[in-house]
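Residue strings, one per chain:
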Amino acid sequence: MLKYIRYQTCADQNLQRKNEESESVKISRRYKHNMAAFSRTIPSVLPLIASHDPENLSIFVTNAKQINIVNYGTGKTWYSETPEQDMQAEVSAFLASSPYFDLRHGSESEHWLTQPISEQVETVIMFGLGLGYQLQYLIEQIDIKYLIIYEPSLDVVHCSLQAADWHHILQMAEEKGTQLFLQLGNDGSSLPEDFAELLPLLNDDKVFVYRHYFHPIMDEVIRFAFCHSNQYKQLTNKNHVFSPDYSLYNYIAEHNQSVLGNYTPERLNNSDLFEQNLLTLKEYYPQVFSVISDYSPVSWYLVKDGKNQANLLHKKRNALFYDNLESESNSLVSDFESNPLKDDVVLGQQVSNKLGHYIHFQAVQKVQTELQNIITSDTVLPEHVESIIIFGIGLGVHIESLCDGHEISNLYICEPNLDFFLASLHVVDWSKIIRRADQAGQRIYFNLGGDGADYFSDLMAQFYQVGAYSIANTYLLSSYFDAEMHQSISTLRSELSIVLALGEYFDHARYGIAHTYFNLKYRCRFLKLGSEDYDNEPLLSKPLFIVGNGPSLDDSIDYLQHYRDQVILISCGTALKSLHSKKITPDFHAEIEQNKATFHWISQVNDAEYLKSIRLLSINGIHPDTASLFKEVLLCFKSGEPATVLFQPEITKAGYKTKSLSYAYPTVSNLAVNFALMAGFKYIYLFGIDLGYTDINYHHSKLSAYYKTDGSQIYDYKSAHGDGIAAEGNFLPLVYTKREFDVSRKLIEKALMQYSCKVEVYNCSNGVKITGAIPLHPECILLNEPNVSPADIEHFIKNAFFDDLSKFSDEIFSSMDTLELSEAVFRWLEYFDTPVCSIEDARRFIDEQWIFFRSKISNRNSLIFFLFSGTSNYFSSVLTKILASSHESESTCLHSFNIARKIWRDCIQQAHDSFIEQPLELDNVDVSHLFK
């Protein structure tokens, strides 16, 4: 379970470096000797080896000063820290009990046939080379006439050439008359063809199988050989196609002690414990009970292994899950307790220069300055834990151990493989765990089945029941490695980390309310909810080009110029200046940010007549000064925002049903795509929606305001945003993105999924791949449409948007009870007057905040929840994280806690006073200095 490089290298970096330097000379010399040996004996493999560049596997030196293989993308290692001893033991186990298939008699047993191997044998097939030590040990101890080695990965071959003594191996094979058939880059799929040539040469009916590591295709090939061993026609069928199941439910680590498959495990069934657990599930989790009580294993079965311990057997691949259940579970818990993984989403909240004057961010800066020393990563798992998310149950022994040793207020257990959970009911006393948690007022949440794609939405629903701030004190434990689940965990960690960052903090909420008020008052149009008034508009069948400001826009700009009049065109954000520089006028321009920065960016166009020929497309909170620059303003409410919750329901009650956008963030591209889908456009083409880049210095169109006239950047993009995260490209294998862009991509994909049957979407951008949007180079677009008629646009707008909702601005605003707000804030601040003198007092204080806010949700006239919930979540998170700083004394924690509490109190008072004094104040962000 714990085969990760961090566990197998020296904690002392200087000592690790010394070990690596000592071994590097030997490795280099060994590699040269091995290549020379191949050039003399099997020169045909040299071009294959020499032309290969390692992709994801490499060697490293363990703290036992031995060579091991690591996947440097995941940190997973193949062997223990002593691979040489491992393979000596493996060869000894093989000699004592060698799997074989019988070419004459076959076998009807569900287990592999085995027998002790003699000193002289005709044929051995080795599936997987690995480091190759086992090959040397095997040839030294027995004489083999034909030795076939299948190795699918040239990365592995490269590792073996640096680790094993191939000069010695090839020399021994030659002296013993062993014919080596090295099938490099071959996963065994050629076995039927190879057998057609080999079988006529064989005298012995028994062919021995040495599986050195697990591999989906090689395991399928082995199974095929055992099933058809005495069926010559099937065994030599060159047209047979091997198609293994790569799903996460069938994942097995590359190497463990059961790899040879020469064991006969016993079925295990603890019926008493199983029935007891089922009864508890029926009482506490009836939905889980209804599924699991009728469930039968698909791939993995509960067995008793050779160590007399419970284990999981994958029957089809003849593989055990654990080497040693007890020791692996203990090690997993011990390591987690001493090195708990918890993401820092509190101090990770960045304060941008343009928003630094906001009341919320001024408080954030104070907290970060005061508490840098206290809010640090934990060194140990505390006895009391707010939340743990466990990915993967396996047999669950480690979960039982964790629950026995710690008080866990909220335990979230995610296991995609129902085979594992079913088996755990025979091994773990879930009844004890569940009933004890219930008695202590703790919560256990099961997320079973699925592939991890819904972890974020499912877990966030749970977090909001206990307080979203608890994310800040949530530990993550991965029980076992699986490639797909690993990706799901990585995605979840990224998404959780932005929940607080994207929260509706006080300033955003108060300006959103003010901006919505004025946008209604100034008669901005709002999109209708019911589409029956505009479903059949001719405009919706016209091709719609959505143009972002990604680097690839520069390559498409001439195409857009040529076909401009035949399409509807929406420009997004800073793309407007790029289009203006080429005299391209969009029909609509989209903006998403509500602060006044959009006004300054758009003003760089410096062409009032040009802007007044364009309609603005945005959300209800867009800055009124930005809206004033355009010919006409078309808005949608943005789902979930305080201003939307306050205004939209009242407008709906009056009979004006408006649409709201659910996926309109975090970039303007999300707004434009979401609007196009909801409005009903049938053919959508994405240009410059790169959401990434191939060169960090070329991150947006060079025609835009991100670059000066001399081509230099207006600010250091790399310093502000980092190098980027590798991602799959739309046209290229690899591009780079940033976290915000990656979230943008995922939300676009979710939106496209909802409309997949109603719309055709083509991605013409040379950026990241967007699932649901078909990659299409611009020159491949077929446009046979006549020019788009301005009358069609006018007609669509008239039917799709309400033209005047101005009467609701004062009507709704006047109903907002500022007196009630002041009274609620006064009651809230009374909580701060109660001294916090113990950890229990501190926890009680945090819990009271969430109870207080939940009590305000149902009161639509109460502004306190809408204005302060995001900022409250942030500070609750800070305080929660302080209490989790287990390496500090209680007095130090309480001192820091009370400092943060005072900063929070002052923030509440300042925010309240500011809003009461000027409830309709507009945002005043100024970024004009960027363009001087």
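Every chain is numbered independently, its residues counted from 1 as its sequence is written. The model is predicted, so local features are restricted to residues of pLDDT at least 70 and side-chain atom pairs to those at 80 or more, both for listing and for counting; the totals for chains, interfaces and linings are taken over all residues. Computation of side-chain values: all heavy atoms of the structure, hydrogens and water removed.

> Hey, could you run me through helix 4 (residues 83-96) in this one?
Turn by turn, an α-helix covers 3.6 residues, leaving residues three or four places apart pointing in a common direction. Helix and strand definitions follow DSSP, with helices as H or I runs of at least four residues and strands as E runs of at least two, each counted in order from the N terminus. Here the expected length of a helix is defined as 1.5 Å per residue gap, with one fewer gap than residues. Taking 1.5 Å per residue as the helical rise, helix 4 with its 14 residues ought to reach 20 Å, and the 20 Å between its terminal C-alpha atoms agrees with that figure. Buried residues are those whose accessible area, probed at 1.4 Å on protein chains only, stays under 20% of the maximum for their type, while exposed residues exceed 50% and partly exposed ones sit between those limits. Those residues of helix 4 that sit buried are P83, M87, E90, V91, F94 and L95. Around the axis of helix 4, the buried residues are gathered within 135° of arc, so they sit on the same side. In this structure, the buried side of helix 4 is in contact with strand 2 (67-71), strand 4 (98-102), helix 5 (133-141) and strand 9 (206-211). Here, the arc refers to the directions that run from the helix axis to the C-beta atoms. The contact definition used throughout considers only heavy atoms, calling two residues in contact when any of these lie within 4.5 Å.

> When you look at the packing of aromatic side chains in this model, what are you seeing that I'm missing?
To describe a pair of aromatic rings, one takes the distance between the centres and the angle between the planes. A pair of Phe, Tyr and Trp rings is counted when the ring centres sit within 6.5 Å of each other, with Trp represented by its six-membered ring. The angle between the planes then sorts it: under 30 degrees is stacked, over 60 is edge-to-face, the rest tilted. This model, assessed by the stated rule, comprises 54 aromatic pairs. Geometrically, the ring pair formed by F506 and F868 is stacked, given 5.4 Å between the ring centres and 20° between the ring planes. Taken as a pair, F506 in helix 20 (residues 506-521) and F868 in helix 34 (residues 863-883) lie far apart in primary sequence, 362 residues in all. The same class applies to F506 and to F868, which are both buried. With a centroid separation of 6.2 Å and 80° between ring planes, the pair formed by F845 and F897 is classed as edge-to-face.

> Help me out: how do you make sense of the sheet that holds strand 14 (residues 384-391) in this one?
Two orientations exist for strands paired in a sheet by backbone hydrogen bonds: parallel and antiparallel. Strand order in the open sheet formed by four strands is 16-15-14-17, and the pairing between neighbours is parallel. The open sheet has two edge strands with one neighbour each: strand 16 (443-448) and strand 17 (474-478). Pairs of neighbouring strands in the sheet enclose a mean axial angle of 15°, with direction left out of account. We call two strands paired when DSSP finds no fewer than two bridges between them. Judged from the five bridges that link them, strand 14 and strand 17 form a sheet pairing that is parallel. Within the sheet, the bridge partner assigned to I388 lies in strand 17 and is Y475. Those strands touched by helix 17 (residues 430-439) are strand 15 (407-415) and strand 16, and its axis lies near 135° from that of strand 16. All axes here are fitted lines through C-alpha atoms, helices being fitted over the stretch that makes contact, and every angle between N-to-C directions spans 0 to 180 degrees.

> Honestly, the packing of helix 32 (residues 818-833) against helix 34 in this entry has me stumped. Any pointers?
Two numbers describe a pair of packed helices, the interaxial angle and the distance between the axes. Relative to each other, helix 32 and helix 34 sit at 45°, their axes nearing to 9 Å. Between helix 32 and helix 34, the angle is such that the two are oblique. Of the residues in helix 34, those in contact with T818, E820, L821, A824, V825 and W828 of helix 32 are L863, I864, L867, F868 and S872. Each angle is binned into one of four classes, with values under 35 degrees roughly parallel, values over 145 roughly antiparallel, values of 65 to 115 roughly perpendicular, and all other values oblique.

> Just to check I follow, could you spell out the sheet that holds strand 12 (residues 310-314) for this structure?
Strand order in the open sheet formed by four strands is 10-11-12-13, with antiparallel pairing between adjacent strands. Each having just a single partner strand, strand 10 (266-267) and strand 13 (319-320) make up the two edges of the open sheet.

> How should the pattern of salt bridges be read in this particular structure?
A side chain of one charge can pair with a side chain of the opposite charge if their charged atoms are brought near each other. By definition, a salt bridge exists where a carboxyl oxygen of Asp or Glu is found within 4 Å of a side-chain nitrogen of Lys or Arg. Counted by the stated rule, this structure contains 29 salt bridges. For R104, the salt bridge is made with D205, and the minimal N-O distance between the two is 3.3 Å. Here R104 is found in the loop between strand 4 and strand 5 (113-115), whereas its partner D205 is found in the loop between helix 8 (191-198) and strand 9, with 101 residues between them in sequence. Judged by relative accessible area, D205 falls into the partly exposed class, the value being 24%. Sharing partners across several salt bridges, the network here consists of E400, D404, K432 and R436.

> I keep staring at the pairing of strand 12 and nothing clicks. Help me out?
Among the five residues that make up strand 12, five are buried, leaving the element largely enclosed by the rest of the structure. What you see with strand 12 is no split at all: A310, L312 and H314 on one side and N311 and L313 on the other are buried throughout. Here strand 11 (residues 300-304) pairs with strand 12 via five bridges, running antiparallel. Counted as the bridge partner of W300 is H314 from strand 12. Taken together, strand 11 and the strand that follows it, strand 12, pair antiparallel across an intervening segment of five residues, in which N308 is found at a positive phi of about 65°. Here strand 12 runs beside strand 13; their pairing, made up of two bridges, is antiparallel. When the bridges of strand 13 are listed, L313 appears paired with L320. Between the antiparallel neighbours strand 12 and strand 13 lie four residues, among them N318 with a positive phi of about 50°.

> How should I be thinking about the environment of L920 in this particular structure?
Inspection of the secondary structure assignment puts L920 in the segment after helix 35 (890-917). Given the relative accessible area of 22%, L920 is considered partly exposed. For the pair L920 and F813, spaced 107 residues apart in sequence, the C-alpha to C-alpha distance is 9.5 Å. Residues contacting L920, with those up to four places away along its chain left out, are A514, Y517, F518 and F813.

> What's the story with helix 20 in this structure? I'm lost.
When the terminal C-alpha atoms of helix 20 are compared, their 23 Å separation across 16 residues agrees well with the 22 Å that a helix rising 1.5 Å per residue should span. The buried count for helix 20 comes to 15 of 16 residues, which makes it a mostly enclosed element. The first or second residue beyond helix 20 is R523, which carries a positive phi of 65°.

> Any chance you could explain the pairing of strand 6 (residues 120-127) here in plain terms?
Regular strands have side chains that alternate between both faces of the sheet. Judged by how many residues are buried, strand 6 sits mostly within the fold: seven of eight residues are covered. Bridge analysis of strand 6 against strand 7 (residues 143-151) gives seven bridges, and the strand direction is parallel. Across the sheet, T123 pairs through a bridge with Y146, a residue of strand 7. Seen with the strands pointing away from the viewer, any crossover whose path from the first strand over the helix to the second strand runs clockwise is right-handed. Of the crossover connections in this fold, the one passing from strand 6 over helix 5 to the parallel strand 7 is right-handed. Note: strand 6 against strand 9, four bridges, orientation parallel. Within the sheet, the bridge partner assigned to V124 lies in strand 9 and is F208.

Note that all results are geometric; they support no functional claim without further evidence.
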